Amino acid sequence: MIDPQIVKTADGSDTIYLPELDETYHSIFGAVQEANHIFIENGLKFIKKNSITVLEIGFGTGLNALLTAKYAIENDLKIEFITIEKFPLANELLVQLSYANHSNPDEMLFRKIHDAEWEKPTIINSYFSVQKIKGDILNPDFEINKEIDIIFFDAFAPSKQGEIWDEKVFKLLYQYLNMDGILVTYSSAGIVKRALRTSGFNVKRLIGPPGKHHILLASKL
Ligand SMILES: C[S@@+](CC[C@H](N)C(=O)[O-])C[C@H]1O[C@@H](n2cnc3c(N)ncnc32)[C@H](O)[C@@H]1O
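Residues numbered from 1 in each chain as written. Predicted model: local features only at pLDDT ≥ 70, side-chain atom pairs only at ≥ 80, totals over all residues. Heavy atoms only, no water.

Section: the pairing of strand β9 (residues 177-185)
Step number 1: Of all 9 residues making up β9, 7 are buried, and the element is well covered by its neighbours.
Step number 2: As judged from the 5 bridges shared by strand β8 (residues 148-153) and β9, these two strands associate in the parallel manner. Across the sheet, Ile-148 pairs through a bridge with Leu-177, a residue of β9.
Step number 3: Chirality of the crossover, the property in question, places the unit of β8, helix α5 (residues 167-176) and β9 among those that are right-handed.
Step number 4: One ladder, built from 4 bridges, connects β9 with strand β11 (residues 214-219); its direction is antiparallel. (Buried < 20%, exposed > 50% of the residue type's maximum accessible area, 1.4 Å probe, protein only. Helix = DSSP H or I, 4+ residues; strand = E, 2+ residues; numbered from the N terminus. Pairing = 2+ DSSP bridges. Right-handed = clockwise from strand over helix to strand, strands pointing away.)

Structure below.
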């Protein structure tokens with residue numbers, strides 16, 4: 001196995017490249033730019049509540065968790081962030097990411113999110129808490145007892161990991177969501193739209209970040 005590598009993306013932010021899968025964790029056009037556009041600007045911002053529960057599929061580098069924590073602080077919200085990850089990245093790699101650098105203003109927040117014990121709901125500050133669950137969304141042996149307002153579906157691409165973009169998974173996620181809940185994802189592939197629709201979701205295409213034409217917003221209503 002070749003070790004994962006840290007690579008710089010076009011907006012100057014870091015991501016991770018997995019040689020084994022020939023896949024990056026974010027768009028090479030800009031990791032922070034992409035994550036902000038999809039999950040914050042076209043996801044979280046649509047939830048008009050002061051207290052929000054997020055479920056993420058694929059914790060990865062923790063970048064989405066970091067951006068969500070910042071959003072909670074900036075907007076004076078209470079956000080509970082539950083995230084599922086099958087293959088947690090090694091800490092030695094995570095601390096080399098630019099987000100964990102002393103010169104980065106988000107360093108402390110990023111480190112606190114990563115220092116949180118797996119499985120245990122952990123308060124990071126008065127705006128944000130995180131529960132990182134080591135688990136497999138294809139064979140879930142964990143329970144989600146919370147009603148979820150928004151799902152960040154951030155698995156590897158359908159071309160690399162087709163089995164996860166599947167009706168079986170989307171039907172399960174549909175059950176976790178509140179009646180007015182939504183799911184956002186970066187892939188607008190035909191198979192993804194169809195699997196979401198057959199799982200009960202209403203699906204809309206939204207404009208994507210640089211390098212991507214469209215993203216998907218799926219809702220129950
Ligand atoms: C595109 S990356 C996620 C990027 C991440 N959200 C971030 O902010 O860095 C996809 C993630 O899904 C995880 N993953 C792959 N298969 C999974 C599965 N069956 N269940 C849960 N997570 C899985 C990978 O290990 C990887 O961390």
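Details of helix α6 (residues 190-198)
Step number 1: Among all positions of α6, only Val-192, Lys-193, Ala-195 and Leu-196 are buried. Projected onto a plane normal to the axis of α6, the buried residues spread over an arc of 165° and lie on a single side.
Step number 2: Check the buried side of α6 and you find it contacts α5, β9, β10 (202-207) and β11.
Step number 3: In the segment just after α6, Gly-200 is the residue with positive phi, at about 110°. (Arc of directions from axis to C-beta. Contact = heavy atoms within 4.5 Å.)

Thoughts on the packing of aromatic side chains
For any pair of aromatic rings, the description consists of the separation of the ring centres together with the inter-plane angle of the planes.
Step number 1: Applying the stated criterion to the full structure yields 10 aromatic pairs.
Step number 2: Taken together, a centroid distance of 5.5 Å and an interplanar angle of 45° make the contact between Tyr-99 and Phe-110 tilted. Of this pair, Tyr-99 sits in the loop between α3 (91-94) and α4 (107-115) while Phe-110 sits in helix α4, and the two are 11 residues apart along the sequence. Each of the two residues, Tyr-99 as well as Phe-110, counts as buried.
Step number 3: Arranged with centres 4.8 Å apart and planes meeting at 70°, the rings of Phe-153 and Trp-165 form a pair that is edge-to-face. With Phe-153 in strand β8 and Trp-165 in the loop between β8 and α5, this pair connects stretches of sequence that are 12 residues apart. (Phe/Tyr/Trp six-rings, centres within 6.5 Å; stacked < 30°, edge-to-face > 60°.)

Digging into the sheet that holds strand β3 (residues 23-24)
Step number 1: The strand order β1-β2-β3 describes an open sheet built from 3 strands, whose pairing is antiparallel. A strand with exactly one partner marks an edge of an open sheet, and here the two such strands are β1 (5-8) and β3.
Step number 2: For β1 and strand β2 (residues 14-18), the ladder comprises 4 bridges, and the chain directions are antiparallel. Residue pairing for β2: Ile-6 is matched across the bridge by Ile-16.

Digging into the pattern of salt bridges
Think of it this way: side chains of opposite charge can pair up when their charged atoms draw near.
Step number 1: For the structure on display, the rule yields 9 salt bridges.
Step number 2: Glu-80 is the salt-bridge partner of Lys-146, the closest N and O atoms lying 3.4 Å from each other. Residue Lys-146 is located in the loop between β7 (128-134) and β8, and its partner Glu-80 is located in strand β5 (residues 78-85); the two are separated by 66 residues in the primary sequence.
Step number 3: Of the residues examined, Lys-146 reaches a relative accessible area of 40% and is grouped as partly exposed.
Step number 4: Judged by its relative accessible area of 26%, Glu-80 falls in the partly exposed class.
Step number 5: Taking the shortest distance from any N to any O, the salt bridge between Arg-111 and Glu-107 comes out at 3.1 Å. (Salt bridge = Lys/Arg side-chain N within 4 Å of Asp/Glu carboxyl O.)

So yeah, pure geometry; function would need other evidence.
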